[in-house]
Amino acid sequence: MANAQAFIAELLAPADIQINGNRPWDMQVRQTDFLNDVLARGNLALGEAYMAGDWDCDQLDVFFCRLLAHKVHERVKPSRLLWHHLKGRLFNLQSKKRAWQVGEHHYDLGNRLYRAMLDERMVYTCGYWEHAQDLNRAQQDKLELVCKKLQLKPGMKVLDIGCGWGSFMKYAAENYGVECVGVTVSKAQVELGEQLCQGLPIEFRLHDYRQLNESFDAVVSIGMFEHVGQRNYREYMNVAANCLNPDGLFLLHTIGRNRDVRGTDPWISKYIFPNGDLPTLAHIDTASRDLMCAEDIHNFGADYDPTLMAWYQNFERAWPELQQHYDERFFRMWRYYLMSCAGAFRARDLQVWQWVFSKNAYIGGYRRPSLNNA
């Protein structure tokens, strides 16, 4: 065990992280039994040990930012995670049958949790912080930017693939006079979404995206592509292209990775988003090629850092009420999730892209709109 601790201390040194140091980003080890396991199972063991209270860190976001910025994780090759990577290569983990698992495991955790954590519109994707000083404004600006990029006009019919609780559809219907159809694999999202969007020309469907087969003036997908999987990217793009009218636009908003690695982080996959798979730019280009023209690609991945930190602050503030429904292990799991992801985006290890596609290339070119400072 002493050897494992010494080796991990050596790995952490380039990131200026100490074991049992006195800085808020230092790792405070309460039990040492898990250290050997970390060398074998990587972040899966590290996250599970944190959930169990075996170690702690006051500034978990800074810890992970330092860890990833100095690529400490690349110096560890966990031997027991081989099957995790092989599964992603050998099987379709996002098949029609398995597509419902993420809804049941994550999005159906309870609307109480998400209402406490998210902004007033319940937008569960990256905000846009160019002019914003708070979460509500950042999410409003993101929704406005998407509407402008899609060039929405009154009377248009819009498809939202992975619509969540309907935050985009509600904003677009109220501010741009459009009619919307949204699909999701979460029963809880449909139930609350229908309440929030009552009286608006909005239809929720508890559908997998592969069930879609009708035409729309515009198509949008905000934060759903992360659940599609590499084996299904081409089919997904085919669905989007088939649903898009000839003169329409499709906006794809997704988290992305810098390197082509099949599957997602094993801890995130087990405890947060089952069967997740983050794309690269090349994956999206290959899947969409000859189906649609990529008119614009916008990266604002750094904006996920303040979004996640705002979510954590809301979650922590609401915990005295939430703890009646969730235990301490859940609190530590959720803190690890939000703060480790904030650190990853801060280190630029993860990105957020908005792609705008046309069915037929725009003669003269597409111009990305901007938001007013007001």
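Preceding this paragraph is the structure being described.
Residues numbered from 1 in each chain as written. Predicted model: local features only at pLDDT ≥ 70, side-chain atom pairs only at ≥ 80, totals over all residues. Heavy atoms only, no water.

A.B. asks: Can you help me understand the sheet that holds strand β8 (residues 293–299) in this one?
C.D. replies: Paired through backbone hydrogen bonds, the strands of a sheet run either parallel or antiparallel to each other. Strands sit in the order β5-β4-β3-β6-β7-β9-β8 across an open sheet of seven strands; the sheet is mixed. Sheet topology places β5 (202–206) and β8 at the edges, where each strand pairs with a single neighbour. Strand-to-strand twist across the sheet, computed as the mean angle between neighbouring axes with direction ignored, equals 15°. On the sheet, helix α8 (residues 167–176) packs against β3 (157–161), β4 (179–184), β5 and β6 (216–222) and is oriented at approximately 165° with respect to β5. (Pairing = 2+ DSSP bridges. Helix = DSSP H or I, 4+ residues; strand = E, 2+ residues; numbered from the N terminus. Axes fitted to C-alpha atoms, helices over the stretch in contact; angles between N-to-C directions. Contact = heavy atoms within 4.5 Å.)

A.B. asks: Would you explain the pattern of salt bridges in this entry?
C.D. replies: A complete count under the given rule lists 22 salt bridges for this structure. Notably, a salt bridge pairs Lys148 with Glu144, separated by 3.6 Å at the nearest N-O pair. Taken as a pair, Lys148 and Glu144 lie in helix α7 (residues 135–150) at a separation of four residues, close to a single helical turn. Owing to a relative accessible area of 17%, Glu144 belongs among the buried residues under this scheme. A salt bridge links Asp296 to Arg368, with the nearest nitrogen and oxygen atoms 2.8 Å apart. Pair noted here: Asp296 is in strand β8 and Arg368 is in the segment after β9 (350–358), with a separation of 72 residues, a long-range link. Owing to a relative accessible area of 12%, Asp296 belongs among the buried residues under this scheme. One salt-bridge network, in which partners are shared between bridges, spans Asp16, Arg23, Asp26 and Arg66. (Salt bridge = Lys/Arg side-chain N within 4 Å of Asp/Glu carboxyl O. Buried < 20%, exposed > 50% of the residue type's maximum accessible area, 1.4 Å probe, protein only.)

A.B. asks: Sorry, what's going on with the pairing of strand β7 (residues 244–257) here?
C.D. replies: Remark: a regular strand shows side chains that alternate across the two faces of the sheet. Counting buried residues in β7 gives 12 out of 14 residues, a clear majority hidden from the surface. In terms of strand pairing, β6 meets β7 through six bridges, oriented parallel. In the strand pairing of β7, Ala218 is matched with Leu249. Considered for its hand, the β-α-β crossover made up of β6, helix α10 (residues 233–243) and β7 is right-handed. By the bridge criterion, nine bridges tie β7 to β9 in an arrangement that is antiparallel. (Right-handed = clockwise from strand over helix to strand, strands pointing away.)

These values are about where atoms sit, not about what they do.
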